[in-house]
Structures are given as C-alpha cells and as structure tokens.
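Secondary and tertiary structure notes
Given next are the chains, with one letter for each unit.
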Amino acid sequence: MGLGITVVGPGHGATESEGGDVSATCGSARRSLARAFADRDAGPVLLFVEGSAGLGKTHLLHELAELPETPDVVRLWWRCGDGDGRPEDGEVWREPTLLLVDDVHRADEDELRALRRVLAGMAPGSAAAVTFRPEELPVPGMPLGGSAMTYPFRLTVLGDRLAPWDEERVRRAAAEVLGESCTAEAVSALYERTGGVPRAVVDLLAVLREQRPAFTGTAAEVAAAGVPARLAELVLSRTYAVPSAHRPLVWAAAVLDGPAARDELIAVSGLGAVPGSDALLRALESAALAELGEGRYGFAVPLAAAAVRDTVPGPVRQDLHRRAAAALSRRQPVPWAAVGEHHRAAGEYRGWLRAVEKAAESAAASGRHQEAITLLERTLATPGIPPQARARLAPLLARNAVTGLRSDQTVEVLEQIVRDADLPPAVRGELRLDLGLMLSNQMGRFEEGWRVLEVAAAELREVRSALAARAMAALVTPYWPGASLDVHRGWLIKASAAADDSGDDAMRTAVLANHVGLAMSWADPEAWDLVERLPVHSTDPACVRQAARGMCNAADSAVWLGFYRRVDSLLAEGRELATRSGAPYTEHSASGTLLLQAWWTGQWLGLAKRCEDFVADTADMPFLSSDAYVVRGLLAVAQGDWGEARSWLSQRGTFGTENLPVPLGATAAGAVIRLTLARQEVADAAEQARAAWPVVAEKGVWPWAAELAPWAVEALARAGDMATAHAMVRDFAQGLGEADAPAARAALTWSRAVLAENEALAEGRPDGLLAAAESYREAAAAYAELPRPYSEALTTECAGRCVLAADAGGGEDGEAGEDRASASGEASAATACDRATTASAIAELEACAQHFTDLGAVWDATRARALLRTRQPAKKGRPPGRPSHSDQLSPREAEVAQLASSGLTNREIAATLHLSPRTVEQHIAGAMRKTGALSRRDLAHRM
C-alpha cells in the first residue's frame, strides 16, 4: 500500500475532520510540540497519541495543526492506508515541519517501513505526532510495527493517551445540542450508555436532536434512541471478525450488557472452559471486547451491546438469557432485577415474576422505594399477569408507594387492581388501604381518599385487624378538610382498640403517631406526653418509621401552635429516624415544615429560592410541596409582588386550593383576603372571609384559625358586617378556650384589636382608637415572645396607626388617602393624645419600617414610611419649599416607581402610600421621564 501525504502551508490546518468537538483536550501534546518549534536548534520531537475508536485522535491532530506558536512551520498530513505516492527519503525535513500521522494502526509493513525512515530523518526544529488505536495494532504496544525502531540520539519521544469525557463534559456537549431539553436525567443516561466516548456522545446527541416528537429529556428517550450507525458498524465488523465458533462469547457479553468476569462470560456462552478461554482471547484480539477493569470484560462503549444483541438469532438469544439468569443468580448480592429481565427475555415468566418480587423486596429493605415502585409498576402493567402473582406484587407496590414518593401511575394501577374480583378480600382491603393513603397524603384528593379508607377499614376489620387499625389510624389525621375534630376522635378510639387486638407493635406505633398529630393540633394538654411515648429507640424498622412520622407530625403541629423553639429538635430527630428507616415521604414533609418555620421566625434570607427549589424537586407530587407554594406566596405579598403572590397562593394551578390541609388553606385564604383589602376591594374581601371561615369552624381545630382570623375580621368590619366579625371573634375565643396555643392567642388579641379599631372609627371615638392601640401592642408583645418578627411588626404598625389617627386633625397633607385614613380623621376631631404618646407612636413606626426593611418586606416598609410622612413634622433646618430633584428621582417618585415595578396598579400604590391615583400617575410619569423608561416594564429594568 502507498503512502498518502497532504502538504498544508504554514498557518493553515487540514480541512477534513471527524466532525464535532470529540477530542479529549490534550494540553501536554500542545506544549510538547510548541517547545520543539521554539528553538530551531533543539532536537526534534516525536509524539505518539494513543486512543481507542471514537476518542478524537483526528480532531486532536487538527488542533495541533492550528498551533499559533508555529506560523511559519510546514504541516504535512500522512493518512495511513489512503492514497498512493511516497516522498523521497530526506525530502520531508528540508525546512521546519510538523508531520501529522493519522491512524498508523492501518498501515501495512511497507508503509510502516517508509514511516520509520521518515521519522529517523527528522531535522532539528521539527516535530511529528502519530495517532493509533491500541486495540487494532498488529503487535500490541508497538505502533511502528514489530521491528524495533532505532531512534536518533537527539530525538525526544513522548506518549499521550486520550481518555473518555467525564460526566460534566458530556453535560456541556448535551447542553449545546439539546438546549432546554438537557436534563440531569438525560445527561446521566448519555454518560452511562456511551461511556463518555466523544464520538458516541456526539452521534447519539445528533439522533436525539432529530427525534420526533421532540426530545423532552428523559432517560427512557435516550434508551429508545438506539445505536448510532457509525458505532453499530464498528462493533459489528469487529464481532463478525471473530471466528463463528468463538462468536457466542461476544454474544454472551452483549446479553449480560455490562462488565463480566471470564468464568461468567464462558458460562453464559455455553462454550465450555477451554473453548471459552480461547474465544475470549480472540474477542480481545479483534477488539470486539475490551478489558474494562481487572478481570472484567465487555464492550468499550456500553451502547454497543445492543447492536450486537439485535443480530443474535432468537432461539440462541433466549438460551443465552436463560444461562445469564442462572449466572447472575450466583452473584452476591444477587441483582434480582437483572435476573428477572433475563428470565423474561428467555420466556421463563414464573422465574421473571419471582425475581421481580425479590428485587422489589430487596430495594424496599434498603430504602430504595422509588426503584421498587418503578419495577413493580412496569411489571403489573404487563398484560396477562396471573391473579396469584398480582395478589403478591400489588400489595408490595402499594406499601412502597405509601412509604416512598407518589406516582400517578401507581394510583392508576391500584385503582384497576382493587376492582379485580379474583383478589382475596384481605389483599383487596390492603390495597384499598394503601390507595386511600396515597390519595389523601400524597395527592391531596382528601374526599376520595376518605371514602376509600372507610371502605378499607370495614373490609379489613374481620380478616386483618392490624391493617384495619392502620386504616382507622389514617382517619384519625385531622388535616383533611371535611370531618370534624369529634369524628377524628371517634376513629382514634376504634383504631386504638384494633391495634391492641392485633398485638402488632408497629400498628400500635402508627396509631400513636397519628394520636400525637391529633392531640398536638388542638393543643391537648397531654400532647407532649404522647410525644415522649414514641419508640424512637426501637430496633424494629417498621416501628422506627412510624416514630419518625410521629415526631414530624409533632414538629408540624408545633409550628402551627407557635412553639418555634421546640420545632428544630423535633424535626432533627424525626428526619434522622426517617433517614435511618427509609421513609422519604416523611423526610420531604419535614422539609415543608422547615419552610414554614423559617417564614414565621423571620429567617427570610434565601427562603424564596429554597421554596422554588423544593417545588422543583417535588414537581411530580405538587401536594407535598404545598407548604413551599404558600410560603413563597406569603413572601411575594410582603415584597409587593402581588401578581406572583396570587399565583403561588393558588398553588399555580397544580391542584385545587380547596384540597389544601386546613391550616395551610386558612393561611393562604388569609393572605388572599389581605391582598384584596390592599386593593380596596372590600366587598370581595368580605365574601372571601365568609367562604374561608366555615372550613376551620367545621373542623373545630381552632388554633388553625390563627392565620385567617385577623384578616377575615378586618374584611368584615370594613365592609360594615360587624355582627359577623364579632361572631368570628367570639367563636375563635370559645373554641380556643384555655388551650396552650401561643400563636393563636396572639392572633385572637390581634383580631379583638381589629374590632376595637373599626368600632372606634365608625363611632368617631379617639379613646377607642387608643384602646385598640393597646390591644395591638399586647398582640405585638405576644408575637415577640414566640418569636414572630413579621407579625410583631405588623401589629406594632397597627398600634402606631391608631395613635396617629386619634391624634390627627383629619387630612392627608393635601392628598386623598385610603378609606381608613379619611375615617380616622373624622374620628379624631378632638385631640386625644399628648405629645409623648404621639412621639412614641412615631418612634414605633420608624422601628417598624426598619424591621420590615431588614426582613425584605418591601411593600410593608413603603407603607409604614408613607404613614409616617403623613404625621411627621418637617426636619429642622430645611429651607422652605420643595427640594429640587430635576435630574434624579425624588424620594416619593422612587417609592412609587419601586411599587410600580413590582406590578402594583396605580390604585394599589395609592392605597399603600396614602395618595390619590392621579398623584401616583404623575409620580410614575416623572420617574419614567427622568430614567428614560419607555413603559412601566422598562421602568422596572431601569430601577
């Protein structure tokens, strides 16, 4: 065969390329060759570049050809195995030259002899780079042939080895091609299937890019994309270069589809010890297989196994799968999921189902619930599963789904299975129990879940008392809308009796965990004693899982009650128990409690991001992230981003807010009423209050009214419905009784202050406003004790507002204020405060504005400052007239522009700042003129 050489002039690279960025960057190669050309008297350099197929050797040569340090060096391309013609000896090195030799493994003996002569004659100031596939060299480790070359004394000989991409490099390549469809799941699948071999990555990405329908970023789509043609041709050519007698060993590797030991490959191939060993040697020599680790063999690119497997005749393939199932069953630990797949592919369905059951049990025992769910869902969705197998596998799926994380497909599968008339009653009852738990706890379909649980409790009462106790215990949980506290107490009595009858400690603990949640919810004096009874030191994993749930139930209730200093320790222990016992659902629910705790205790730094991350992490089960949605909405209210607030508070349409747990629904309703009041839509706010209150009242867990009551009472009072407002406060007080619920007690005081303020305004009594101010201060002090800094600041602001209203002579500094401000003017025709009281109120408001600012409550801080400006005297020393702000925004313009950029309307800004809508419009126009903004949206960017 002849020698193909291409001359490339100085400064120009070759035009041919493998396509795409497929080389592992070889910085050392660049540096080595650059040094050779830096000193023309230096000795020449020979660089061998080793890399298996697809690692980007040709691409590397193109990069070396473009070395900027060598503008006046001649480039010569030598592509082994291509073309005819051979240069005369010594012709190559007449001037400084970079010789780029590609694929030397393809050269025959004549070409290698010529290449050795050329390299031996390398002149000073020159260099050569020689690439090869080590797996295809005729003599391993000798790229220039079996005859040892005598290298000149001054020649520096270097070697470099290309490596596959790591996962991060695969991610960058995928992001460039797939854009927004480049998910972590897709990157992981790409890396796993290609082994990071650049050529395989690039080709597979090209397939995914052209896929129709468009690629969405799932691992299943990557798996379904098949084997790129270039890779398939390479691996099949190597496989069929192996003699037919030895080929079954390559087929065995394709069926095992992963690194395997020699004896395992031989056993699956069916060749026997001696022929099998010979076959492995032939497969390695032909590069059909590679040594992937010490004593482990397989395909260099994992994806290649599928191309080979598809060419194996059906009967032969089934025999290989049967032997593979037997071989894998001897591993420790046994990979039961893989064993099952081999049984199924061999047509051995009983063996497949037995292996699936063992795989699911093994995954569940080690806490890998999602893995078990996926396997069982896929199996049970297969047509023709015998009833006996369904009766074994379906309860296993249900138990994993309840303990793990939600799957819509699991619910669909269970709903179909419970209608199977051939199922034994005990199995059907157990499945119905788990279906009810999933519908209620993980999907937020409370009403439907309640009905299913009631039926399950009845079905199981006579056949399986332990599971009947579990169903009854689920009906003890008070969070769901609908059933009253008395109904839950009734189910507690039944559940406790059934658990005692069962003699099952895990069931007793399950009932105790729900008893803790129920008792804590309404501040039962015995609740903390019940927490102490949870068996947190048990050695039974089932008991530990239930104890973890009980601790997290207690922490969640403690948040709603206002015992914030006790929450951290409860959650820490509950989460540790959940992790130790493998209860991911409990872990996730505890994360929601942490978000609520951070909101109320004023730990707002980074809280919005935490909420958004939690929502993203639980995107397939939005009910579990409902805490995060509400907290994110509450933050948006405080920050003045009212459009976003409504979206988050409504769960962004993921499911109906009427299905929220009662305390969370009451909190969201209170925030929505507050927003509606801020927009001066008082009648609408009153209607929202009338709709939200019965949900809490019918439940009868009165501490949960804490986040709704002050806003609902204010909406009704401002709408003139004082009778209903009084009834709400009366019911709240009677329902709360003497319960130890600090947050609710503070909210009750706040609600009474709201009533007092509005009655004083309506009757024109300044003394009534001062009494209301004292009530607000009492509420603020109660919140400070918890601590709840935002609620403390809100109630302190209300106190200051009442004092200023009692002291005011009426107007709003020439500008129309909101309804409350004008009414307060009427109420305070006569001065009721001394100067010290007023000064104290102003100081309180100044502190409030700063507290709001420190928290990040932009809207509240702006409102407090606006209220201060209506009453604060001008600072001494200020010259008469308005200050000049001809080139920059005035303080009032800046405030208005900030609120406008948050999305508030002119009317909403006017209500916040005690201005008229016309004045707001003028300030916005001034801000746009001074900043050069073209629109309100543009103003937001310029601000």
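Residues numbered from 1 in each chain as written. Predicted model: local features only at pLDDT ≥ 70, side-chain atom pairs only at ≥ 80, totals over all residues. Heavy atoms only, no water.

The helix and strand tally for the protein chain stands at 44 helices and nine strands. Every one of the 943 residues in the protein chain was classed for burial, and the buried ones make up 55%. Carbon together with sulfur atoms contributes 51% to the accessible area of the protein chain, which is approximately 39,600 Å² in total. (Helix = DSSP H or I, 4+ residues; strand = E, 2+ residues; numbered from the N terminus. Buried < 20%, exposed > 50% of the residue type's maximum accessible area, 1.4 Å probe, protein only. Areas by Shrake-Rupley, 256 points an atom, 1.4 Å probe, with all protein chains shown as cover.)

Further remarks concern the pairing of strand S5 (residues 127-132). Within S5, six of the six residues are buried, leaving the element largely enclosed by the surrounding structure. Bridge count between strand S2 (residues 45-50) and S5: six bridges; the pairing is parallel. Across the sheet, Val45 pairs through a bridge with Ala127, a residue of S5. Of the strand pairs in this sheet, strand S4 (residues 97-102) and S5 are connected by four bridges, and their pairing is parallel. Residue pairing across strands places Leu99 opposite Ala128, the latter belonging to S5. Note that the unit made of S4, helix H3 (residues 109-120) and S5 has a crossover that is right-handed. (Pairing = 2+ DSSP bridges. Right-handed = clockwise from strand over helix to strand, strands pointing away.)

Glancing now at helix H10 (residues 262-269). Those residues of H10 not exposed but buried are Glu264, Leu265, Ile266, Val268 and Ser269. Gly270 lies just past H10 and shows a positive phi near 80°.

What follows deals with the sheet that holds strand S9 (residues 296-298). What the three strands build is an open sheet, ordered S7-S9-S8; its pairing is antiparallel. Both outer strands of the open sheet, strand S7 (260-261) and strand S8 (290-293), are each paired with one neighbouring strand and no more. Of the strand pairs in this sheet, S8 and S9 are connected by three bridges, and their pairing is antiparallel. Note on S9: the bridge partner recorded for Glu291 is Tyr297.

Attention now goes to the pattern of salt bridges. All chains considered together, the criterion is met by 43 salt bridges. A salt bridge links Arg161 to Glu50; its shortest N-O distance comes to 3.2 Å. One end of the pair, Arg161, is in strand S6 (residues 156-161); the other, Glu50, is in strand S2, with 111 residues separating them in the sequence. Arg161 sits in the exposed class, given a relative accessible area of 62%. Given the relative accessible area of 21%, Glu50 is considered partly exposed. Here Asp103 and Arg106 are joined by a salt bridge, their closest N and O atoms 3.8 Å apart. When its relative accessible area of 11% is taken as the criterion, Asp103 is described as buried. Beyond isolated ion pairs, a larger network of salt bridges with shared partners links Arg133, Glu135, Glu136 and Arg238. (Salt bridge = Lys/Arg side-chain N within 4 Å of Asp/Glu carboxyl O.)

Glancing now at helix H37 (residues 789-807). Taking 1.5 Å per residue as the helical rise, H37 with its 19 residues ought to reach 27 Å, and the 27 Å between its terminal C-alpha atoms agrees with that figure. With 16 of 19 residues buried, H37 is to be regarded as a mostly interior element. (Expected span 1.5 Å × (residues − 1).)

What describes a pair of aromatic rings is the distance from one ring centre to the other and the angle between the planes of the rings. In the structure shown here, the tally under the stated rule is 16 aromatic pairs. A ring pair is formed by Trp528 and Phe563, whose centres lie 5.7 Å apart and whose planes are at 85°; its orientation type is edge-to-face. Taken together, the residues Trp528 in helix H24 (residues 527-532) and Phe563 in the loop between helix H25 (541-561) and helix H26 (564-581) connect sequence positions 35 residues apart. Taken individually, Trp528 and Phe563 each receive the classification buried, so the pair is uniform in this respect. The interplanar angle of 5° and the centroid separation of 4.6 Å between the aromatic rings of Trp599 and Trp604 together place this pair among those described as stacked. Accessibility assignment for this pair places Trp599 and Trp604 in one class, buried. (Phe/Tyr/Trp six-rings, centres within 6.5 Å; stacked < 30°, edge-to-face > 60°.)

Counted by the stated rule, this structure contains three cavities of 30 Å³ or more. Of all the secondary structure elements, the ones that give two or more residues to the lining of the second largest cavity are helix H27 (584-600), helix H29 (626-639), helix H31 (662-678), helix H33 (709-718) and H37. The element best represented in the lining of the second largest cavity is H31, accounting for four residues. When the residues that make up the lining of the second largest cavity are grouped by side-chain class, the tally is 13 nonpolar, three polar and three charged. (1 Å grid on protein atoms, 1.4 Å probe; cavity = no way out; pocket = protein on both sides within 12 Å on 5 of 7 lines; lining within 4 Å. Points joined across faces, edges and corners; volume = space filled by probe spheres on them. Nonpolar A, V, L, I, M, F, W, Y, C, P; charged D, E, K, R; others polar.)

Let us look at the side chain of Ser751. Structurally, Ser751 is set in helix H35 (residues 742-763). Apart from residues no more than four positions distant in its own chain, Ser751 is found in contact with Ala709, Pro710, Val713, Val729 and Phe732. (Contact = heavy atoms within 4.5 Å.)

A few words now on the pairing of S2. Burial analysis of S2 places five of its six residues in the buried class, which makes it a mostly covered element. Sheet topology note: the S2/S6 ladder contains six bridges and is parallel. Within S6, the position partnered with Leu47 by the bridge is Leu158.

Summary statistics for the protein chain give a mean pLDDT of 84 and a share of 84% for residues scoring 70 or more. Every residue in residues 1-25 is under pLDDT 50, and counting partners more than four places away or in other chains gives 92 contacts. pLDDT under 50 marks residues 809-819. Its contacts with residues more than four places away, or in other chains, come to 21 contacts. (pLDDT = per-residue confidence, 0-100.)

Here we take up the environment of Val487. Within the secondary structure layout, Val487 lies in helix H22 (residues 485-502). With 212 residues separating them along the chain, Val487 and Lys699 place their C-alpha atoms 9.4 Å apart.

Let's shift gears to a negative patch on the surface. Taken together, Glu526, Asp529, Glu532 and Glu573 make up a surface patch of like negative charges. For Asp529, a relative accessible area of 53% translates into the label exposed. (Patch = residues over 30% accessible without salt bridge, like charges linked within 9 Å, V, L, I, M, F, W, Y side chains within 5 Å. Lys, Arg positive; Asp, Glu negative; His and termini not counted. Charge placed at Lys NZ, Arg CZ, Asp CG, Glu CD.)

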